[in-house]
Structure formats: C-alpha cells, structure tokens
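In case you want the letters, here they are:
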Amino acid sequence: MTQVKPAPGGRMLTVLRVHLPSEIPIVGCEITPYVLLRRPDGGVFTDDVSETAPVDGYFMRYKWYRIQSDRRAAICSVHPTEQATLQCIGCLKSKIPVAKSYHCSSKCFSDAWQHHKVLHDRAISALNENGTEDDELFGRFGSGSSSSGVISAALSGSTSNLSLSSGVNNGPTPVYPTGTEKSSGETWFEVGWSRTYTATTDDIGHVLRFECIVVDVETRGTVRAPTSVMTSRVIPAPTPTPRRLIPVNAADAMVHFDLDSRTSSFGTFTVLSYNILADTYATSDTYSYCPTWALTWAYRRQNLLREIIGYHADIICLQEVQSNHFEDFFSPELDKHGYQPLYKKRTTEVYSGSPQAIDGCATFFRRDRFSHVKKYEVEFNKAAQSLTDAIIPAAQKKLALNRLVKDNIALIAVLEAKFSNHGTENPSKRQLLCVANTHINIHHDLKDVKLWQIHTLLKGLEKIAVSADIPMLVCGDFNSTPGSTSHGLLARGKVDHLHPDLAIDPLGILRPLSKLTHQLPLVSAYSSFVSMAGVGYDLDHQRRRMDPGTNEPLFTNCTRDFTGTLDYIFYTADSLTVESLLELLDEDSLRKDTALPSPEWSSDHIALLAEFRCKLRVRR
C-alpha cells in the first residue's frame, strides 16, 4: 500500500471537488470528470497536472475501477437506465444482437413492439431467403412448461409465436484476473489510468469508480486519501432502427438498398443534409423531455458520428456545427473515413456567446469521388449592409440593420467528379457539381428576412450557373415550411404575389415583387416519393409519410413545441435525376413517448439523403 505523505504546513496541491459531466456512462463515450484543484498559493484551476508538468512539486494520478458483482445485470434495450427482467427469445433465435432482446417489463415490451417488430421482420426476411421457415426461426414455446422458464406473450395476432424469458440469462460467473480485489460478492477491476475513460461493452451493467490523488514528485508518495466519485451503471449506446435507401424509379421500386453494402457507380453519387443541433443549443431547459445524459456532447457526438458515417454519403452537408467541434472532432474523425472538409462559421455581429461555440455550415466530400475546385462564402450580413446602403434612408439604416443582420451564412463548393461521366454528352468533359449548404434565419416573425436571404443565395447561384454549365444542389435548414413564400421561391422559381407572408415587409426589401424570381430549375428531391410512377410496399409506405398538398415530408424537425418540415435537398432537374432517397421516419419510429432529440436520435432534425445521377444531355 502506498504511504500517504503528510503535507508540510498544509501547503500543497489540493483536490477541492470532483464531479461527473453525467452520472450515466454510455459505451463508446468518453468520460472526463471535472476536477477542481487549489495550488499551494491559493489559486484555483481545473487543468490537468501531469507527472511531466508538475505544479510546485506535485502531480495528479488517476484510476478507474469497474465494480462487478458476481451476478451481471442486463439492461433494458428501451429504457437503458433500467435493469432488464424479460428477454425476447425471438431475438436470440434470429441472432439479433442480444442487447436488443432485453426489456424491463411486459408493458415496456408491449409499448415497444411496433418498433421492435421491425428487427424481427428483417431477420425473418433475411433468413427466409436462405430457406429458413418462421416456425424454425421462432419455435413453438408453450406457456405451460414451467421447467423451461419461458412464458408466452401474445401481444397481438402478429406476436402469437413470440416468447419472453422471465429470467434473464446473466451468463457464467466472470473469471477474475490477478491484480483485482474481491470482497462481499464484488470485484474491483482496474480499467483505466488516465483522467478520461471510455466505457466498453465489458462495463455494461456495472458501476464505475473514478479516483484521483495528489502525488509528491520526489518521494512518489501520495498526499492525503484519494478523492473519488462513482457512476451509475454503464448502459449500451441506444441504436435506432437503420434507415434504408428507397429507390424512386419504377424499375427498382420492389427492392431496397442496404447502406452498408451500397456503393455509388456509373455517375451516381449520394448527398446528405443534416442539422446536427449545436451543443450550445442542446440544453435541458429547451429539451426537458430528453434524458440529461443523452444531451451531453460526449454522448451526442459519438451517436451523431456513428449515424453520419453509417449513411456512406459521398457529400455531407451539416448545419449547426460549432467551430470548436469542427476543428477538434468532425474534421479529424471524418478525415479517417476519407472525407475532405470545408467550413464556414457564422458571422458575429449579433452573436454574444463564446467564440468557440459559434456554429456554422460544414461540407465534407469523399476524396476518392470528388476534388475541390472552388469555394464561395455567402455572408448575409454583408449583403444586408450593401442593401441598406443602396435603398434605406440614412435615418433608418440602424433600424434596418437590426432587422436584417442575423449572422446567417451559406457555403458553396464547386467540386469535380472523379467517377465515370457515364450519361454525359462528352465523356472527356470535366463533370463539375455545385453544392450549396446553408442555414437560414430561424425567427418566425421575420418572414421577409428569410425570403430575402434565400433570394440572395439563389441570385449568387444563378451567377455561377451563367459562368458554367453545372448541376446544382441546394441543401440545408431553411427554417421555412412548405407553402411559405421561401419554399415557393425555391421550388417554383417565383412567389405568389397574394401570399400573406408578403404583407410582412416593413423595410420594403421585397419590392418590387416581380424581382422575387430565379431561373434555376430546382426541384425538391423528396418530392420524388410522390411524383414518381413507381409502385411497391416501400414506396407506398413512404408516400404515407408525405404531405400530399405540398409533396414534402410531413416533418424533418420534431420537438414537443413544433413538428414540421424545415430541411430540404433541392437539385437542378435539367442536369440531375433522383435515383433513391433515404426512408423517412414517422412519429412511431421516434418512440411513442418522446420527441427529438432522444437517446436514439441526437438532433431535433432528421437527416435527409438522396442519390443522384447525372443526366444525359442531348444536343439540339
């Protein structure tokens, strides 16, 4: 045992406080405790004090322990903070990951059945393709056999053959390696020796203990007793049901594409647009219905990255990416997967928070599919200054700028495709692509500002179109619902002059109304679910998630206060065609008792993804 060294005169490095950013640790997510220290001179700080950079002859030593009982606890797959009491035998028979088979109560299983059944349906479909029958998969379990430890759960007609085990199988008693301590039915495993620890699957169901202690550099002796803090039980990272690519052309309407095995070819490419919800906005006050641990950035960043990487998109357009998270996380992590980054931070005339926490738009593209040609940055604040200088009387300029200056931006990238130019009129011609990524002003009472920002962006894209024959994509969070003047300008190239939105124009920036047009042949990608002539279960199922009046999804943003569509992928229909679209979610997919964000989905928006093909151009 290490001897504790007495402190001479009480003047030494002291641990004042230790606490965790979240008491509930999640597999795959870093845990970095908050450690408040006091210097011998009385100064207080939170920086780490390593052995190589001691403070006044002292440094910090850390240890993590896993406290493991002889009987391992299984965790409910729906409510990961609860211990499981039931296990779905159907999951085990169909080789669905065992973590998804656990439930904390029969009511939990019943409520989750519609979501859970999707796992079974897909497993049955996969096994039936190999000649496995349903009865062989699930078996016939009788509720009268007490020796089997199995009870039958007839939740509906579709679940009559589904069984639940009433006693969770905890597996064999763990084998304890040397160097661990065991007493009173508990074993303490040393699992980490740094301030930060990332929970593993071995930790699921167990409590972690963090210890920190001050060490004297000269004697290597510890000073005072360790300061420690314990977590709740480690839970597995909740995983939503995977979303599939649904083809929108008649020839492929009866099949779906697995994103894990799907690769673009013959001039096709995929584009993802996703507002990931900046950490600075992800507060418990705003999203009180979401568990606190699921709002922590340590959890959300891993969950978002897992989701984004899983889409295998060739081009990724993200909104609400904080500048520090772009530099420290998304850029290096996506670089590992072959993506090159582009970023534009919002301007700061209005913003008053931390400079590191300001968000912006990030566009990533696969290096093996595209190369970067040119980047344009649109700052609507600069456009507002030019507009007020041109049309607003000097006495009203300050008032006008207060209304127009909102720090919104757009990032435009011109890329050159490296893949085959199959379908183009000249195979030797460079295949360029223009991708706009934007986040338009959020305020609902500033409809004139939203429309002006979108019109400004479109006029800039028109100039690029004039200079080059180039397909265009316009992606982002437009904070505009279908049926608004902003959506109408994007989708139809003009506005309805009698639209009530146009009554809000105190600065006269929308006049004359005849100027609110553009010549880009833009079409909303997701309208293909309605407009295409394809048939099939998947396509019909998606059409039920569309608004027949606007041909747009019923929602892309879903919170307790608002459910509606704000996000779009627009494309130039004269140069691109839609091949397939990422399936939409319905409210049942989001769990019946919550909105977004949730433990499964880490943003209040859902991701949109479309696969495009370059069109054959016919000479006239």
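Every chain begins its residue count from 1, and numbering advances along the sequence as written. In keeping with the predicted nature of the model, local features appear solely for residues at pLDDT of at least 70, side-chain atom pairs appear and are counted solely at 80 or more, and the whole-chain, interface and lining totals rest on all residues. Side-chain figures throughout are based on the complete set of non-hydrogen atoms in the structure, without hydrogens or water.

Named according to an unreviewed UniProt entry, the protein chain is poly(A)-specific ribonuclease originating from Zea mays. UniProt positions are given in the numbering used here, feature names are shortened, and annotations may be inferred rather than shown by experiment. The record held by UniProt for the protein chain lists under Function (unreviewed entry) the comment "Acts as a catalytic component of the CCR4-NOT core complex, which in the nucleus seems to be a general transcription factor, and in the cytoplasm the major mRNA deadenylase involved in mRNA turnover." Its UniProt record, at the heading Cofactor (unreviewed entry), says of the protein chain: "Mg(2+)".

**Student:** Could you clarify how one ought to interpret the side chain of Ser 603 in this entry?
**Tutor:** Helix numbers and strand numbers start at the N terminus; a helix is a DSSP run of H or I with at least 4 residues, a strand a run of E with at least 2. Within the element layout of this structure, Ser 603 appears in the loop between β30 (576-582) and β31 (608-614). Any pair of residues with heavy atoms lying within 4.5 Å of one another is described as a contacting pair. Every residue in contact with Ser 603, bar those within four places of it in the chain, is listed here: Tyr 274, Asn 275, Ile 276, Leu 277, Leu 596 and Pro 597.

**Student:** What exactly am I supposed to notice about the sheet that holds strand β1 (residues 14-19) here?
**Tutor:** Each strand in a sheet pairs with its neighbour through backbone hydrogen bonds, running either in the same direction (parallel) or in the opposite one (antiparallel). Judged by pairing direction, the sheet is antiparallel, and its 3 strands sit side by side in the order β1-β3-β4 without closing on themselves. In the strand order of this sheet, the two ends are held by β1 and β4 (44-45), each with one partner. In this analysis, strands are considered paired if DSSP registers two or more bridges between them. As paired strands, strand β3 (residues 34-38) and β4 are joined by 2 bridges and run antiparallel to one another. Paired with Leu 37 across the strands is Phe 45, a residue of β4.

**Student:** What is the right way to read empty space enclosed by the protein from this model?
**Tutor:** Only protein atoms enter the 1 Å grid used here, on which a cavity is any set of points holding a 1.4 Å probe that cannot leave and a pocket is any open set flanked by protein within 12 Å on both sides along at least five of seven lines; residues with an atom within 4 Å of a point are listed as lining. Grid points are joined across faces, edges and corners, and a volume is the space filled by probe spheres set on the points. Following the criterion strictly, the structure yields 1 cavity of 30 Å³ or more and no others. Estimated volume of the largest cavity: approximately 100 Å³. Residue lining of the largest cavity: Pro 21, Ser 22, Ile 24, Pro 25, Ile 26, Cys 29, Glu 30, Ile 31, Trp 293, Thr 296, Ala 298 and Tyr 299, and that is the complete set. Among the secondary structure elements, those contributing two or more residues to the lining of the largest cavity are β2 (30-31) and α5 (297-310). Residues are grouped as follows: Ala, Val, Leu, Ile, Met, Phe, Trp, Tyr, Cys and Pro are nonpolar; Asp, Glu, Lys and Arg are charged; every other residue, Gly included, is polar. When grouped by side-chain class, the residues that make up the lining of the largest cavity number 9 nonpolar, 2 polar and 1 charged. For the domain bounds, the source is a domain assignment made automatically or taken from a database. Counting contributing residues, the lining of the largest cavity receives three or more from each of domain 1 (14-70 + 179-234) and domain 2 (245-250 + 267-614).

**Student:** How should I be thinking about the sheet that holds strand β16 (residues 268-275) in this particular structure?
**Tutor:** Strands sit in the order β15-β30-β31-β16-β17-β19-β18 across an open sheet of 7 strands; the sheet is mixed. What marks the edges here is a single partner per strand, and that holds for β15 (245-247) and β18 (339-345). Going from strand to strand, the sheet's axes swing by 25° on average, the running direction of each strand aside. In the packing of α5 onto the sheet, the strands contacted are β16 and β17 (315-322), and the crossing angle to β16 comes to about 160°. Note on method: axes are straight lines fitted to C-alpha atoms, helices fitted across the in-contact stretch only, with angles between N-to-C directions ranging 0 to 180 degrees.

**Student:** Any chance you could explain the packing of aromatic side chains here in plain terms?
**Tutor:** Here is the rule: rings of Phe, Tyr and Trp (six-membered ring for Trp) pair when centre to centre is within 6.5 Å. Planes less than 30 degrees apart are stacked, more than 60 are edge-to-face, and the remainder are tilted. For the coordinates displayed, the defined rule picks out 22 aromatic pairs. Between Phe 269 and Phe 370, the aromatic rings sit 5.9 Å apart at their centres with planes inclined by 90°, giving edge-to-face as the arrangement. Taken together, the residues Phe 269 in strand β16 and Phe 370 in strand β20 (residues 370-379) connect sequence positions 101 residues apart. Across the pair, Phe 370 and Phe 269 agree in class, each one buried. With 4.4 Å between their ring centres and 15° between their planes, Phe 326 and Tyr 343 make a pair best called stacked. Here the residue Phe 326 occupies a position in helix α6 (residues 323-335), and Tyr 343 occupies one in strand β18, the gap between them amounting to 17 residues. Each of the two residues, Phe 326 as well as Tyr 343, counts as buried. Three or more aromatic residues joined by ring pairs form one cluster here, namely Phe 269, Phe 370, Phe 419, Tyr 571 and Phe 612. Taking the ring centre of Phe 45 as reference, the NZ or CZ of Arg 39 above it sits at 4.4 Å. A cation over an aromatic ring shows up here: Arg 66 above the ring of Phe 189, its NZ or CZ 4.8 Å from the ring centre. Whether a residue is buried, partly exposed or exposed follows from its accessible area with a 1.4 Å probe, protein chains only, as a fraction of its type maximum: under 20%, in between, or over 50%, in that order. Two thresholds decide whether a charge sits over a ring: the Lys NZ or Arg CZ must be within 6 Å of the ring centre and within 35 degrees of the ring normal.

**Student:** What's the story with the environment of Leu 16 in this structure? I'm lost.
**Tutor:** With respect to the element layout, Leu 16 can be found in strand β1. Leu 16 sits 22 residues away from Arg 38 along the chain, and the two C-alpha atoms are 6.7 Å apart. Those residues in contact with Leu 16, other than ones at most four positions away along the chain, are Leu 36, Leu 37, Arg 38 and Val 44.

**Student:** Quick question: what am I supposed to make of the pattern of salt bridges here?
**Tutor:** It is possible for side chains bearing opposite charge to pair when their charged atoms get close. Any carboxyl oxygen of Asp or Glu that lies within 4 Å of a side-chain nitrogen of Lys or Arg is treated as forming a salt bridge with it. Scanning the model with the defined rule gives 24 salt bridges in all. Two residues, Arg 403 and Asp 448, come together in a salt bridge whose shortest N-O distance is 2.9 Å. In this pair, Arg 403 is assigned in helix α8 (residues 397-404) and Asp 448 in helix α9 (residues 447-467), connecting sequence segments 45 residues apart. Judged by relative accessible area, which is 0%, Asp 448 ranks as buried.

**Student:** Explain the nonpolar core to me, please; I cannot follow it from the model alone.
**Tutor:** Side chains of a nonpolar character, in soluble globular proteins, are inclined to be buried together. We call a set of buried Ala, Val, Leu, Ile, Met, Phe, Trp, Tyr and Cys residues a nonpolar core when their side-chain atoms join them within 4.5 Å. Counting residues in hydrophobic clusters, the biggest one holds 114 residues, and the most contacted among them are Phe 269, Ile 315, Leu 473 and Phe 612. Each of two domains, domain 1 (14-70 + 179-234) and domain 2 (245-250 + 267-614), supplies a minimum of three residues to this core. Those residues in contact with Leu 473 that lie beyond four places of it in its chain are Phe 269, Val 271, Leu 433, Cys 434, Val 435, Ala 436, Ile 569, Phe 570, Tyr 571, Leu 576 and Phe 612. By size, the runner-up hydrophobic cluster in this structure holds 42 residues, among which are Val 378, Leu 446, Leu 490 and Leu 522.

**Student:** What exactly am I supposed to notice about unusual backbone geometry here?
**Tutor:** Glycine aside, a negative phi is what most residues show, and trans is what most peptide bonds show. Residue Pro 512 is bonded to the preceding Arg 511 through a cis peptide linkage, with omega at -10°. Tracing the backbone through its elements, the reader meets Pro 512 in the loop between α10 (485-492) and β24 (522-524). Located in the positive-phi region is Leu 277, a residue other than glycine, with phi close to 65°. Relative to the helices and strands, Leu 277 is located in the loop between β16 and α4 (292-295). Even without being glycine, Asn 479 reaches a positive phi, approximately 45°. For Asn 479, the location among the structural elements is in the loop between β23 (472-477) and α10.

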